[in-house]
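# Geometric and topological summary
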Amino acid sequence: MVRIEPKNKRRLLQAALGEVEADLALINCRLVNVFTGEIYPAVVYVTEGFIAHVETEELEGPYAAKEIYDGQGKYLIPGLIDSHMHIESSMMTPRNFARVALPHGTTTIVHDPHELANVYGVEGVRYMHDIAEGLPMRQLVDIPSCVPAVPGCENAGAAFFADEIRELAGLKRVVGLAEVMDFYGVIHGDPRMVEIIRAAEDCGLYLQGHAPALRGRQLSAYLCGGPSTCHETTAADEALGKLRAGMYVDARESSISRNVAAVWEGVRNSHFFDTLTLCSDDRESDDLLHEGHLNAVVRKAVSCGMDPVQAVKCATIHTAREIGVAHIGAVAPGYSADMVLTEDLRSLWADAVFYEGRLVAKCGRLVVEIPERHAKLEERNSVRVPELSEEDFVLRAPEGKTRVKVRVMEYISKDGSRTRCIEEELPVEDGRICLGEEMAFVSVVNRYGRGTRSVGIVKNFGLRDGAIASTVSHDSHNLTIVYFHPQDALAAARELAEKGGGMTAVKDGKVLYTLRLEVGGLMTCLQAEELAQVAAQMKETERSLGLTVPSNPLLRIVSLALPVIPEVKMSDLGLVSVAEQKILPVFVEE
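My aim in this report is to walk through the structure given alongside it, one point at a time. (Residues numbered from 1 in each chain as written. Predicted model: local features only at pLDDT ≥ 70, side-chain atom pairs only at ≥ 80, totals over all residues. Heavy atoms only, no water.)

### Describing the overall build of the protein
When its secondary structure is counted, the protein shows 16 helices and 29 strands. Over its C-alpha trace the protein gives a radius of gyration of 25 Å, about what one expects of a compact globule, namely 25 Å for 590 residues. Viewed in the frame of its principal axes, the protein has a C-alpha envelope of about 90 × 50 × 45 Å. A buried classification covers 63% of the 590 residues belonging to the protein. When contacts within the protein are restricted to residue pairs at least 6 apart in sequence, those whose partners lie at least 24 apart make up 69%. As presented, the protein carries roughly 22,000 Å² of accessible surface, and 46% of it is formed by carbon and sulfur atoms. (Helix = DSSP H or I, 4+ residues; strand = E, 2+ residues; numbered from the N terminus. Rg over C-alpha atoms; globule rule 2.2 N^0.38 Å. Buried < 20%, exposed > 50% of the residue type's maximum accessible area, 1.4 Å probe, protein only. Contact = heavy atoms within 4.5 Å. Areas by Shrake-Rupley, 256 points an atom, 1.4 Å probe, with all protein chains shown as cover.)

### What about the sheet that holds strand β12 (residues 248-252)?
What the 3 strands build is an open sheet, ordered β11-β12-β13; its pairing is parallel. Each edge of the sheet is formed by a strand with only one pairing partner; in this case those strands are β11 (229-230) and β13 (276-279). The sheet contact formed by β11 and β12 spans 2 bridges and is parallel. When the sheet's bridge partners are listed, Cys230 is paired in β12 with Val249. Along the sheet, helix α10 (residues 260-267) makes contact with β12 and β13, crossing β12 at roughly 140°. In the packing of helix α12 (residues 294-303) onto the sheet, the strands contacted are β12 and β13, and the crossing angle to β13 comes to about 130°. (Pairing = 2+ DSSP bridges. Axes fitted to C-alpha atoms, helices over the stretch in contact; angles between N-to-C directions.)

### Here's the deal with the nonpolar core
Generally speaking, soluble globular proteins have nonpolar side chains that are buried together. Leu116, Leu276, Leu278, Phe461, Ile468, Val482 and Leu515 are the most contacted members of the largest nonpolar core, which totals 99 residues. Setting aside its immediate chain neighbours within four residues, Leu515 contacts Met91, Gly501, Gly502, Met503, Leu531, Val534, Ala535, Met538 and Leu554. Listed in part, the 41 residues of the second largest apolar core include Phe160, Tyr222, Cys230 and Leu562. (Core = buried A, V, L, I, M, F, W, Y, C linked by side-chain atoms within 4.5 Å.)

### Thoughts on the pattern of salt bridges
As enumerated under the stated definition, the model contains 34 salt bridges in all. With a shortest N-O distance of 2.6 Å, Lys539 and Glu284 are connected by a salt bridge. Of this pair, Lys539 sits in helix α16 (residues 528-544) while Glu284 sits in the loop between β13 and α11 (285-290), and the two are 255 residues apart along the sequence. Assigned by exposure class, Lys539 and Glu284 land together as buried. Members of the salt-bridge network, linked through shared partners, are Arg11, Asp23, Glu48 and Lys66. (Salt bridge = Lys/Arg side-chain N within 4 Å of Asp/Glu carboxyl O.)

### Brief notes about the packing of helix α9 (residues 236-244) against α10
Contact geometry of α9 with α10 gives a least axis separation of 7 Å together with a crossing angle of 60°. The angle between the axes of α9 and α10 places the two elements in the oblique class. By crossing handedness, the relation of α9 to α10 is classed as right-handed. Residues Ala236, Ala239, Leu240 and Leu243 of α9 form the contact with α10, whose own contacting residues are Ala262, Val263, Glu265, Gly266 and Val267. Split by residue class, the contact of α9 with α10 holds 7 nonpolar, 1 polar and 1 charged. (Parallel < 35°, antiparallel > 145°, perpendicular 65-115°, else oblique. Left-handed = near helix turned anticlockwise from the far one by under 90°. Nonpolar A, V, L, I, M, F, W, Y, C, P; charged D, E, K, R; others polar.)

### A few points about the packing of aromatic side chains
For any pair of aromatic rings, geometry is given as the distance between the ring centres together with the angle between the planes. All chains considered together, the criterion is met by 6 aromatic pairs. Measuring from centroid to centroid gives 5.3 Å for Trp264 and Phe273, while their planes differ by 40°, and the two rings are tilted. Comparing Trp264 with Phe273, the two get one shared label, buried. Site record: aromatic cluster; members linked through ring pairs are Phe393, Phe441 and Tyr483. One residue, Arg30, lies across the ring of Tyr75, its end atom 4.0 Å from the ring centre. In this structure, Arg556 packs its charged tip against the face of Phe461, placed 5.3 Å from the ring centre. (Phe/Tyr/Trp six-rings, centres within 6.5 Å; stacked < 30°, edge-to-face > 60°. Lys NZ or Arg CZ within 6 Å of the ring centre and 35° of its normal.)

### What to know about the pairing of strand β14 (residues 339-342)
Side chains Met339 and Leu341 project from β14 onto one buried face, and the interleaved Val340 and Thr342 project onto a second face that is buried too. With 4 bridges joining them, strand β5 (residues 75-78) and β14 adopt antiparallel strand pairing. Directly across from Leu76, in β14, lies its bridge partner Leu341. Relative to strand β15 (residues 350-355), β14 is paired through 4 bridges, and the arrangement is antiparallel.

### Points about the sheet that holds strand β27 (residues 568-571)
Taken together, the 3 strands give an open sheet; going across it, the order is β27-β28-β29, and neighbouring strands pair in antiparallel fashion. Sheet topology places β27 and β29 (582-584) at the edges, where each strand pairs with a single neighbour. Taking each pair of neighbouring strands and ignoring which way they run, the sheet shows an average axis angle of 45°. Where β27 and strand β28 (residues 574-577) come together, 4 bridges link them in antiparallel fashion. Following the sheet pairing, Met570 is matched in β28 by Leu575.

### So, the pairing of β5
One ladder, built from 2 bridges, connects strand β1 (residues 22-32) with β5; its direction is parallel. Looking at the pairing, Leu31 lines up with Leu76 of β5.

### Some words on the side chain of Arg407
Relative to the elements of secondary structure, Arg407 occurs in strand β18 (residues 403-411). For the buried Arg407, which has no salt bridge, the nearest side chain bearing the opposite charge is Glu423, at an N-O separation of 4.5 Å. Polar side-chain contacts of Arg407 include one of 2.9 Å to the backbone oxygen of Pro585. Beyond its immediate sequence surroundings of up to four residues, Arg407 is in contact with Cys421, Ile422, Glu423, Leu575, Leu584, Pro585, Val586, Phe587 and Val588. (Lys, Arg positive; Asp, Glu negative; His and termini not counted. Polar contact = N/O pair within 3.5 Å; in protein donor to acceptor, adjacent residues only side chain to side chain.)

### A look at the state of the cysteines
The full count for this structure, using the stated rule, is 0 disulfides. Here Cys279 is not cross-linked by a disulfide; its sulfur's nearest cysteine counterpart is in Cys230, at 9.3 Å. When its relative accessible area of 0% is taken as the criterion, Cys279 is described as buried. (Disulfide = S-S within 2.5 Å.)

### What about the environment of Gln218?
With respect to the helices and strands, Gln218 occurs in helix α8 (residues 216-225). On the basis of relative accessibility, which here comes to 43%, the residue Gln218 falls in the partly exposed class. Note: C-alpha distance between Gln218 and His188 (30 residues apart in sequence) is 9.5 Å.

### Remarks on helix α15 (residues 486-499)
One full turn of an α-helix is made of 3.6 residues, so residues set three or four places apart face in the same direction. Taking 1.5 Å per residue as the helical rise, α15 with its 14 residues ought to reach 20 Å, and the 20 Å between its terminal C-alpha atoms agrees with that figure. Most of α15 sits out of view: 10 of its 14 residues are buried. For α15, the full list of buried residues reads Pro486, Asp488, Ala489, Leu490, Ala491, Ala492, Ala493, Glu495, Leu496 and Ala497. Here the buried face of α15 lies against β20 (432-433), β23 (467-470), β24 (479-483), β25 (502-507) and β26 (510-516). Two residues or fewer after α15 comes Gly500, characterised by a positive phi angle close to 85°. (Expected span 1.5 Å × (residues − 1).)

The structure is reproduced here in structure tokens:
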């Protein structure tokens, strides 16, 4: 378990007593106290990265400190703590992510590297942990619990069991077991999940949950199984039910799912919010640059009616308690000196950011250098698909049929990730299925050398022409393609195999544009500003092919193969029934 402790407690004690000079005195600020909810003038003394003393009266000096920083009457809050996120979703490496998130006031993140774990296994988790060493940001790690997300329904690049959990628990910044997505396995006592949870508990880790739409007895069983948090809450009554059950509700505002308003609507009349936190989950580079990181989630909560001080609490001390890490999340004696000065608690743009008592960002820009670090894993091509042909992307009907009834994955809306399974009778020409209105073909090709692939039909996806493909495809991150013509699907598959992964758009057999993500097919070594530019070009290309409804068309395809989001999804093994955890035949037997 991570412990945030001073290296020299004796000197911290001496500074607290005023026997030695502090390293820093932060003066002329209005402290937001996350324990009492008060706001008052304060002087904060910092020694060796920890807060030694908080003077709760307005003093004019002298100040017993080597350095004085004038807060200019601004609000002083703890550094923000993201309760659940995936660095890989930013499409940046951990160090480049820190460069863009720190200036927004995020000093600690709790991240789940299960995206890269699905590609590279234990090696991927170690990379995400080790490459972040020495950053002026605390990147805490939860060990991926579900690799793959649903065993038997998909093939990923690795598989985690109890032994992998025990091995990775030895990394120094590991704090928890990441989102336990196999809620079906938890509530029914699946031996694999029971062993994984027991291993995490034996290692002293907290258990992060993932319980979309769970209510009543199913929610009770899930909580009895061990996980105690959930960031997948999307409905008001669901949020209240989870809060009533003692579950931590991590209200999410990501680039894909925006749920803070619904969560707050459900819980706003509660008397206590001790188990309510805020998280960003999946936030891409353009949003990070222009909207912010966790400060944008706080801003959203306040706009929905949450008291600003309460919102700050949900983004700081509540999360520290949720993950069981002491001495972060507050501006108080003995706590790590992670602090943010802001002019306005409602907008929460950071004017100055301190990490462990050191000024690291000012007026939206870093003021410290983050040295470059690279690893050989970043240079490896992770896309290993077999030699493909157009025929591999044809959906053929049973022999002799002129019409056939097909199971179709239908999106409930053109900007959400929820789907349902419907049955459609479709015509057959030359042995090939003909698409109906609002339909497209979808293929998922295993990219880890397993040789598995599937072809099915998706409805209401939104694409109108050409093909789009992605190796960002939660959580197995197999090669996923939505298309109308096999030649476009083949061109897309070949492009991403050659480029080492990413996203591409194709029309008439020609590649229109590719966003290359060379690190595991998920991330790039580009920094945020350059990445945002190429991502913007990718978005415009996808919009030209019909994806005009989603605010971020890049993210439309990424959850198409995620077999833990109801009701059906597509994997490299076929159409998956999420509730039943089984593969459904594409053709309906009559």
